[in-house]
Each structure stands twice: as structure tokens, then as C-alpha cells.
Protein chains: 2
Amino acid sequence: MSRDAFRAAVTNTLERRLFFVPSFKIYGGVAGLYDYGPPGCAVKANVLASWRQHFVLAEGMLEVDCPCVTPEVVLKASGHVDKFTDLMVKDEKTGNCYRADHLLKDFCKDKLEKDQTLSPEKAEEYNRILAILDDLSAEQLGAKIREYGIVAPDTKNPLSDPYPFNLMFQTSIGPSGLSAGYMRPETAQGIFVNFKDLYYYNGNKLPFAAAQIGQAFRNEISPRQGLLRVREFTLAEIEHFVDPEDKSHPKFGDVSDLEFLMFPREDQMAGRSATRLKIGNAVSEGTVNNETLGYFIGRVYLFLTQLGIDKDRLRFRQHLPNEMAHYAADCWDAEIECSYGWIECVGIADRSAYDLRAHSDKSGEKLEAHEKFAEPREVEKLVITPSKKELGLAFKGNQRMVLEALEAMGETEALDMKAALESKGEVEFKVCTLGKDVIIKKSMVSINIEKKKEHQRKFTPSVIEPSFGIGRIIYCLFEHCFYQRPGKTEDEQLNVFGFPPLVAPIKCTVFPLVKLEKFEVVAKKISKALTTAGISHIIDMTGNTIGKRYARTDEIGVPLAITVDNTTSVTVRDRDSKDQIRVEVDEVASVVKEVMDGQSTWADIMWRYPAHTASAAEDEEPEP
Amino acid sequence: MSRDAFRAAVTNTLERRLFFVPSFKIYGGVAGLYDYGPPGCAVKANVLASWRQHFVLAEGMLEVDCPCVTPEVVLKASGHVDKFTDLMVKDEKTGNCYRADHLLKDFCKDKLEKDQTLSPEKAEEYNRILAILDDLSAEQLGAKIREYGIVAPDTKNPLSDPYPFNLMFQTSIGPSGLSAGYMRPETAQGIFVNFKDLYYYNGNKLPFAAAQIGQAFRNEISPRQGLLRVREFTLAEIEHFVDPEDKSHPKFGDVSDLEFLMFPREDQMAGRSATRLKIGNAVSEGTVNNETLGYFIGRVYLFLTQLGIDKDRLRFRQHLPNEMAHYAADCWDAEIECSYGWIECVGIADRSAYDLRAHSDKSGEKLEAHEKFAEPREVEKLVITPSKKELGLAFKGNQRMVLEALEAMGETEALDMKAALESKGEVEFKVCTLGKDVIIKKSMVSINIEKKKEHQRKFTPSVIEPSFGIGRIIYCLFEHCFYQRPGKTEDEQLNVFGFPPLVAPIKCTVFPLVKLEKFEVVAKKISKALTTAGISHIIDMTGNTIGKRYARTDEIGVPLAITVDNTTSVTVRDRDSKDQIRVEVDEVASVVKEVMDGQSTWADIMWRYPAHTASAAEDEEPEP
């Protein structure tokens, strides 16, 4: 089956069975907004519960829950107000908007795929553009669009020059209309601004991690790719704060032997493909920057595969130098292959001290950690002591600016000044805040290197950030779990979502074989036992054929089905193998629970109970 | 302790222990926005998990998850664009904004409390205003503000006339700036617009309920009352769709014997107080409109009390006629008493067919249910059959408008026309879409009452909506669970949150009594067993005194503490009774799980294990 046909089969099943639907459909919908219907919502709840268990609880992370509405000052400090943009072009007649890079990309791809007369030089040019697309400036994009004569795809009208469009949804906080705010584009900032309180909560000790699950918003110019590029989505983010001088991780040994597909920067640039590496080796050989980053890569691998992501369609790709922010120490994306190609689903970045410093600078609140020394340490320290009296006499109202400039001198500059003052008695000194040079005399400042005892070290922690796009993971999971198998007639295909028990939206169904009161009584009894055991399930009393009922539940990925065909024992059927066993009525809820909790596999259970052979009457039938 | 002192003690503990903090604190915060810190976030997760278990799973509800960003058309249909407003006044010099009703309320209360010279007539006037405050129009509020000379509280400047301010956060969807959108003020609309798909998902059967948990947003003019009136909050809403002709509930018998405080409309208006009623009687006597509404009232009572809400400070108050929307059949609020008074935490309303009709009308999509009759029913039906030919000849281009107007006639109007046509042969008929009367002749239309067999009935379902303000419930829970008890010194009070296991943020702590490797090994072993059992816990290796460690964990409401004082058995201590028992190391995780899962109470456990008497060394000490 082609990628497109496969995708159509998956999304058709997903929409028809209400895993998700376009939001506000009765009003024509809004691009990039989707609703999760009942089974999708249950899968999402299961994925989030697993995430909380696997990361927050297992690692003792500090979970927080901050608002989506965010005042401008916070996102100014983080850089989002100035830089969270995509380049946009407008249809000059209709005003329709497009992403400039998408148009150029589509043009190049189209030429490469469809133009039979393309010269090798042109082909190389288009390929080169595709490779550097993300690096092009507005001017470069505009030049290429003009050069190639690219026009608005819907109308063929000419396009405007590219200009940046901020992707945040803007709003206004409070009634005055004067306080700008935005819907947060990520959850991370809520953690950074709380660093001081969280550090205190953790007993003023590093390392520690904070985590947040919540909605984030990006006002995409033209959303594409279904659930993969949407305007509102759930993020689950971790900010692990660590001493920049010690990024080891005490539990690294727990993951170091894991082996999986990795795609280091060098291999990408050399045109090689991803290779299977042990994460322990990747860290010890310096491919991955540090143990903590490596630990999270390993934990992310375990998390995704446990959900049901195929390990052969999961790779960790290192960012190329041009993809990475200037402050980042290293960055790896967990990419999952689906019908749209390799999709970034988790970003795992060592962002160094950037975020905490940015908020420290903007807010004036020190976001620092300290390390108490067991023994005080002797350190050499530059001490600059301006004389307020002398400065006051010489500079009057400008005294404070001169004083601050003196105190702000770096070590080299200060030692140069010291030498100059000692040799010449005075020196010219540029005070930026005054915009001019002033004369500093020897009496105005003393500059010395002093030996000092220090009892602690203060520093801005580095942050290692694994950030999970929950909707993207779920969509890839849908594709990885989906398969078709033949129905009764030759050309009929039945759809199955082979979800592992952990993520299955409903764990089990209960069907009376035929509409008989004695079977319904047993079905209700079993349902009650399942409820007590905390197993989500449905009873289907519709009286459809068993085959039709199986087909309907396979399509929403229910792992086990109980058919009540007797008042003392019942048939339990496995979704994927279609194997059936007979289990006593009183025992069946605990058997289901055992498999759903992962204590036993279906194969384990098969050994313990007699097989059930379907009679003609209960044979599986395709849905009409 | 006074209400204010009590509230100060609670909120001080909550903020100090990071249950919640003002959002964006390092930037001075934003009124009405709060972050949940780690213990608050855990309580919230537990409350939501209980809600999902108690409502969604136990009742087989269809849970959905829709975006917060909502296009204008949806909220235009729901009435929020036009009517979701508060009346605001502005300081005429500074532009500061205030809620008009708040200023008038504060003025009246202040006079009543502090003005010693108040005449009985004036006192009655102020009291009457307080009673009808919610009913006052902009003009009436403005008149009172002028009459009493009320000025801006901060500046004493004059105020503007009151005018409506829409409480929705507005934004713009997509890059064009032309599609207005809002952050949803409730989650319910996402369910209503999906009615058709959900009804189909439920096998085209009524009744069924859909549910949604998610963020909602209200741009309050001047947020007050801490966590109770905020600008962003989590709602959990249920829309139970039911046949308007049959609002019985099959499980009503499960709750009908519950007895709790109810405050019917008549008792409020007669100045009586709330009384303890059996919900079964309240429904059968007609105090509560119908069984389904009564069933939800009962289930809400069970939910809230199971969380730890004090049943004596919980009442169900019926809306007065002036509080209720014109379309609502009945409405009851679950109100919880806290230091701010009685607070509406859950609204349980029978909203009749209003919402589905509104979206049907606006979208043109029929949001209806149908009931198939077992036997076809014979009904009399008005049949209006216009003659297209005759109308075409007479009205040419206006034919369609006349035809539609004829078909749209109600029964009385049509029968009047029939009589007139039979007696006079022609009749004047007003066609609104043409804005004029036309002459209808006998040949143009036939009007008859015919007997028809009907196989089904189509109708717009009624909706019964329990809507939970999760943040308000959690705040009231904090107050209801909080208590103080004496510490070691006489004037010292230790804070305790007596959370039930279900909501406790951390279920158990593990302390080695003293810093010894052999104790730490046992502590880690127990921790591992607790993790396997899925019990959230913390290990405290700080080496503080046991008393201090108990005090610290009591303050965040940890129900049980395990002190490792031996390598074969350990001490387990109950938070509220401070009783201690000795349990074998290998057994302790399962004992803790038993109590946390609600299978046993602490009292049950006390019988089974020997008591532990604290020696002087491990005695409880207050925190220094």
C-alpha cells in the first residue's frame, strides 16, 4: 500500500470512529484545530498518565501547572515577542497569506519531481535550496520567489515580499486594554520564572527537575499535515536544572546499555544514514554532550517504545549547527517515521544557562544556585573600590554612572587601568551610559587583586529540556498501531488498532452471545467486577453478530473481548491473534486485569486456560 | 479564630509550601492568575482523576477534548459575544476600571457595618439594594452610584457611567487578522457543536452524557478572593442529553436515600435556612424538577464528600427565578462554605433544549434526536400543499418567498386561511420576506388535516449540565482539611492538612531515623516496593529530627510516615491521630497501599499490628 493510501485508511478510521474530528465542524471548522472524541481522549489520558508515571513520579520531578495567558514581559524576556516568527507572503490582491518557505519548497519539489526537462545544474540548485531552506533570510527568500516567478497558488496573483509574522495568539489582559498578553507558545517559561521557589522547595539542592503538562498555542500561517501541525496542542515539558560543571547523572547506568537508532550530526553531514548506537558509548565517545542529556534520551526511548512506537521507526537525530540556538550545548530530536516522513516528536536540548539568565536580567530577580564548599576555598578576586567622595566632587550628577561603569569593568580592563593610573596618575575612561570619555584620577578608585576565602560558589544552573509534543506522538502511535486484515469476503479489509494495553482507550468489551436474560445477568456481573478492578470497558447488548461486534471493537483497539456464551464460563478473545480461551465467570475480571496491568502477557494466559474453538454461530463475520 | 485569621493561616501555609503561588511573581504577578506548585498540582491531578473515575468511567460518559481557541461564530450562537459581560465603570482621570456592582455593594455594606447614625429607612434601602444587586441594569446602577456620590476607591476621582465589558479574552485566528476568536469561557460549547457525532457514536440512543475537562478563561475586571475568582481556571463539565419527555434516570435509586443540606427557592424567599432533605423526596415532591437532575445532585454530593469536603458545610441551593436563564427548567448550585462565605463550586442546571437549538439555528445543521416507535403511530397532521404553477403565474420572481411563507404557517393561521378561502375564495396574506401583503386565491394552496402513520418522533434533546469549578473545589478542600495543633512550646501552632488518601499529594514518606547506612538501605528497599505498588512517596534523608520531619510532611498533608528505626521492622505513623504501629519491612508497602486504596482504614490497621511507643529520642518536636 502507498503512503498516501495507508494514511487515508488510518485517518478515515480515526475520524469515522471519532478518535478525532475537525473542531467546530458544523460551522465549517477552523484550520489547525481538532477535537479528540471519546477514544482519542482516552488514548490521550493514558499517554499523559504514562508520562506522569514514567517521568514525574519515577524521577521525583516537581510538577507545576501555570496559566496559558502570559503577560508580554515574560515572552519579551524569553525572546518570543521578537523572534517567534515565520516569514509570510501575501497574495497582493486577495490578502491570502502563505508561508514563504513553504511556497519555495513546494516549487522546488515540484520541479524536481515533475519537470522532465530539468538540467542537472538546475536540479542541483533546487536541491541545495531545499537543504538550506531554514537558513534563508526574508531578503533571500524574497529574491528566490521573484527569480522563480512564484505566485499565489490559489489565484496566480503576485505575492508581497516576505515579512515576519509572530506566531503567538495575542490578547489583552484586564479591562483597560493596555496590558498586552499572549497565549503561551510553550509551557517552559512558567517553570523558569518559578525557579527560585522550586529550588527552595527542593531544599536548595541541584540537580532537580520540574515538569509541566499543558496547552500551548501557535497561530500557524497555514496549518498542514493534519494532527502534526496544529494551532493548539498539548505539551509535556521537563526542565532539569543541573550544575554546568557537573552534568553527570546518578541513574545513567540504568539506561547506558540501551541500543537504538541515532543520527549524529557528522553522519547527517556526510550523507550517511542513522545507525544503531549504545547510548552509553554515544556519551563516553562525546557524540552526546553529557550523561544527563544521554539519560533523558534513553528514558525517552523507553517511554515511546512502551507506548507502542515501533523502535525501527524511531531515531534520535542531533541538531545540525545551523538548527541549534547559539546558546545550546547540544540538542537531539526524537523523530518518528510516519506517512509524512520523519517527524520531530520530542526535543531534548541542553539549553545551558540561557533561559534563567534571560529572566534574571529582565526581572532583576537573581535566578541562581549555590554550592556550599565542605572547606572554604581561597580564591583570587578582583576588587574595585571607587571613592564616592572623589567621584562626587569631580562628576556631580553623573557620579552614579561613572561609579557603575568602574565597578562593571572586566579583569583585563581593570588591570590595564590600574597600571595606567600607577604610571600616569590619570586615564581616559569611556562611560557608555554618558556617551563620552571622562578622566579618572588615581584618587578616585582603588583596584586590587585580593585573596579571599569563599564558602560557596554561586552560579546560574544549566537546563536540560526534554519537550514532548503529545499530539504528534499520539498521531504517530495511531499510524504505528494500525493494520488491516482480510474480512470474510476477499476484497474486504478489516481495520485494527493494535494498541498495547497501556494506551488502549477501552481495555475490554463484554458481549452476551445472544439476547438472553441469563447471559445479560452474567454480563452485568462481569461488568461490575471490571469496574471494581478499575478496568475501563463497555457492555454491548445490541444483539449484532459476534463477528460484527469484534470488528467494531478491533477498530478502536480494544485488546480483549469477553463473550458470555454460558453462565459459568465465558470466552475471552485476544484482538491481535484472535485466539480464544475459556475462563470461569468469577475469575475473568482478574485475568483481564493481569494482562492490562502488564503482569502477564496474552501468551502467559494462553498456557493456563483451555482454548475455545468457535462454533459456526459465533464465527467472526465482517461488518456489513 | 476569626475567619480572616483562619484564612491567613491557610493561605500562608499554601503559599509557603508551594501549593500555589501568584503567577509570574518575579515580574510582579498578574491579578487573577495563579500557578499550582508541586503539592497543589498533585492534589489537582488527584481531584481530576477522581472526577474521571466517579463520572466518566462509572457512568460510561463520552469524554472529549476540544481546543480553547474558539471562532467567533460559535460564541455568537451561544450568546457569549453579546451577553457575557459585567458592568464596568472607569475612573474618569486615571482610566482605572472597576465592577460597578462591586462598588455599590461595598458602599452599602460599609454603611450598614460602620455608620452608627444610619436611619432604619436607610438601612432597609441598603439591604434591599444588596438583595437585588444582580438584577440592576446599567442605568439603575449608574443612578445609584451618582445618588450616593460613589467615587473611585483608590483616587476619589469621579466615575464614568456603567457600561458592559465583555469578559472573554479576544484574539485573532490565522495571519490575516480578519477572523476574530476568543479563549473559551466554558468547555460546554465544544460538546454541543459535536452533538451529532456523539449521538451517532452512542448508537443514536438517548440518554447519554458527554464530558470535558479543560481550561476556561474569563477576563475579570478586577479579580478578588484569591483562588476563587481567577482569569484562567480548570472546568470539568458534563452535558447529559435526555428526551425532554422522559427525564427519569435508571440509577436514581442508587442515590435516592441520600440526605443532605438543600436550600430550595421557597425557603430562601421565606427567609428560612437550608434543611436536610432526602434527594428522593425532593424529586418526588417536585422540589427538584426531575430524576436526572436529582441523580446528578446526589452524585455531586458523593463526589465532593469523598474528596474531603465537610458535609455540614456543603449545601445545594436552588436558583431564584431572577438568577435563572429564561430557558432553564431548574438549576441548583453546590455551594461550599469557606472563609469567604458560601461559594458556588458546582452548577447543576437543566438547560432544556436551548444550546442545541441555538447551534442548530446558527449553523443550519440539525442537532436532533429521534425515537423510533415500536408500532407506527397514527397522528393528525397539518398538510399545506402550495401549487407551484399557480404561484409562479401570480408572483413570478417572488414565487419562492410566497411559497416558503405559506409552508411556514402555524396550525391556527393555516386553518384560519383555509376557512377564509372556503368562504371568500381569496385572502390577504403577509409575506415578511417581501415586506408586504399578497392576495392568496383558493387555487394556490390546499390546506388539510390528514391522518398519517408516523414511525418515529424527532426532537431536540434537553441537556442537564453539571459544571465543576475545579479550582474553587480545591480551594474549599484546602480550607476544610486544614487544622492546627499545639507544638512543643505553648504558643506554637503546627499546621496540618488532613487530606483523605484519595487527594493527598504524596501518600507516604520514608525517613531513616538516623543517618546510618543500614537504615538508608532499608529505606531505599521500601521506596522501591512503594514505587512498584504505585504509591507516590518521598524519602527524606536530610537527617533533621523526626519531629521536624513529621511537622514538615503534616503541613503538606502526607497521611502516613514510615520511620526506619530497625532493619527488620519499621514504625508507621498516622498523620491525624499520631498513632504509631510496628510493621515488618517486607509488609509495609502493601499495608500502606491497603490504606491508600481505601480497602482498609487506619483504625482497621491499628487492630492488626502492635503499637509503637515513641522513645524520647524520636519524640515529635516542633519545627524551629
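Coordinates for the structure precede this section.
Every chain is numbered independently, its residues counted from 1 as its sequence is written. In the order they appear in the text, chains get letters beginning with A and ligands get numbers beginning with 1. Note on the predicted model: pLDDT of at least 70 is required for a residue's local features to be given, and 80 or more for side-chain atom pairs to be given and counted; whole-chain, interface and lining totals, by contrast, use all residues. Heavy atoms from the whole structure form the basis of all side-chain values; hydrogens and water molecules are not counted.

Chemist: How do you make sense of the relation of the copies chain A and chain B when you look at a structure like this?
Modeler: Look at the two chain copies: a rotation about an axis and a shift along it is all it takes to match them. A residue counts toward the fit only if its pLDDT is at least 70 in both copies, and the copies are then superposed by least squares on the C-alpha atoms of those residues. Rotating chain A by 180° about the axis while translating it 0.1 Å along that axis superimposes it on chain B, leaving an RMSD of 0.3 Å. As the rotation angle and translation indicate, the two copies are arranged about a two-fold axis. Minimal C-alpha distance to the rotation axis in chain A is attained by Thr 171 of chain A, lying at 2.7 Å. When the interface residues of chain A are mapped onto chain B, 100% of them again fall at the interface, so both copies present the same face. Here, residues are in contact when the closest pair of their heavy atoms is within 4.5 Å.

Chemist: So what exactly am I meant to see when it comes to the environment of Gln 189 of chain A here?
Modeler: Residues and elements named next belong to chain A. One can find Gln 189 in helix α8 (residues 188-192). A sequence separation of 256 residues divides Gln 189 from Val 445, and the C-alpha atoms of the two residues are 41 Å apart. A polar contact of 2.7 Å, which involves the side chain of Gln 189, links it to the side chain of His 359. Secondary structure is summarised from DSSP: a helix means a run of H or I of at least four residues, a strand means a run of E of at least two, and numbering begins at the N terminus for each. Polar contact is defined as a pair of N or O atoms within 3.5 Å, subject to the rule that within protein one atom must be able to donate a hydrogen and the other to accept it, and that residues adjacent in sequence are counted only when both atoms are side-chain atoms.

Chemist: What is the right way to look at the nonpolar core in this model?
Modeler: What tends to happen in soluble globular proteins is that the nonpolar side chains get buried as a cluster. Take the buried residues of types Ala, Val, Leu, Ile, Met, Phe, Trp, Tyr and Cys, join any two whose side-chain atoms come within 4.5 Å, and each joined set is a nonpolar core. For every residue, the accessible area obtained with a 1.4 Å probe (protein chains only) is divided by the maximum for its type, and the residue is called buried under 20%, exposed over 50%, and partly exposed between those limits. Trp 51, Ile 279, Leu 304, Phe 316 and Phe 468 of chain B are the most contacted members of the largest nonpolar core, which totals 70 residues. Residue contributions to this core peak at nine residues, all from helix α12 (residues 291-307) of chain B. Aside from chain neighbours lying at most four places away, what touches Leu 304 of chain B is Ile 309, Leu 314, Ala 334, Ile 336, Val 346 and Ile 473 of chain B. Listed in part, the 69 residues of the second largest apolar core include Cys 41, Phe 303, Phe 316 and Ile 348 of chain A.

Chemist: Got a minute to help me understand the packing of aromatic side chains in this structure?
Modeler: Any pair of aromatic rings gets described here by the distance separating the centres and the angle formed by the planes. Working definition: rings of Phe, Tyr and Trp (its six-membered ring) pair if their centres are within 6.5 Å, and the pair is stacked with planes under 30 degrees apart, edge-to-face with planes over 60 apart, and tilted otherwise. Across all of its chains, the model carries 58 aromatic pairs over all chains by this definition. When the centroid spacing of 5.2 Å and the interplanar angle of 55° are considered together, the rings of Phe 19 of chain B and Phe 497 of chain B count as tilted. Separated by 478 residues along the polypeptide, Phe 19 of chain B in the loop between α1 (3-16) and β1 (20-22) and Phe 497 of chain B in strand β23 (residues 493-497) bring together distant segments of the chain. Its guanidinium or amino end placed over the ring of Trp 342 of chain A, Arg 315 of chain A lies 4.2 Å from that ring's centre, counting from NZ or CZ. Both a distance and an angle decide whether a charge sits over a ring: NZ of Lys or CZ of Arg must be within 6 Å of the ring centre and within 35 degrees of the ring normal.

Chemist: Would you mind going over the environment of Thr 155 of chain A with me for this structure?
Modeler: Residue and element names in this part refer to chain A. Locating Thr 155 in the fold gives a position in the loop between α7 (138-148) and β7 (163-166). Residue classification places Thr 155 among the partly exposed residues on the basis of a relative accessible area of 30%. The contact partners of Thr 155, leaving out residues within four places of it in the chain, are Asp 91 and Thr 94. A distance of 2.5 Å separates the side chain of Thr 155 from the side chain of Asp 91, its partner in a polar contact.

Chemist: Any chance you could explain the pairing of strand β16 (residues 341-350) of chain B here in plain terms?
Modeler: The side chains of a regular strand alternate, first on one face of the sheet and then on the other. Residue and element names in this part refer to chain B. With eight of its ten residues buried, β16 lies for the most part within the structure. Only when DSSP finds a minimum of two bridges between them are two strands counted as paired. Bridge count for strand β15 (residues 330-338) against β16 is nine bridges, and the pairing is antiparallel. Bridge assignment links Asp 333 to a residue of β16, and that residue is Gly 347. Taking the residues between adjacent antiparallel strands as the criterion, β15 and β16 are bridged by two residues. Bridge analysis of β16 against strand β21 (residues 462-469) gives five bridges, and the strand direction is antiparallel.

Chemist: It is not clear to me how the interface of chain A and chain B should be interpreted in this structure. Could you clarify?
Modeler: When the parts come together, some accessible area is lost, and that loss is often what is quoted as the size of the interface. On the chain B side, the residues contacting the 65 residues of chain A number 65 residues. Joining two parts hides part of their accessible area as seen by a 1.4 Å probe, and the buried area is that hidden amount summed over both. Carbon and sulfur atoms make up 66% of the area that chain A and chain B hide from each other, which totals about 5600 Å². In terms of surface lost to chain B, no three residues of chain A exceed Ile 26, Tyr 27 and Pro 175 of chain A, which account for 14% of the buried area on that side. The working definition used for a salt bridge is a side-chain nitrogen of Lys or Arg within 4 Å of a carboxyl oxygen of Asp or Glu. Joining chain A to chain B, the criterion identifies four salt bridges. The tally of links from chain A across to chain B stands at 20 residue pairs in polar contact (both at pLDDT 80 or more).

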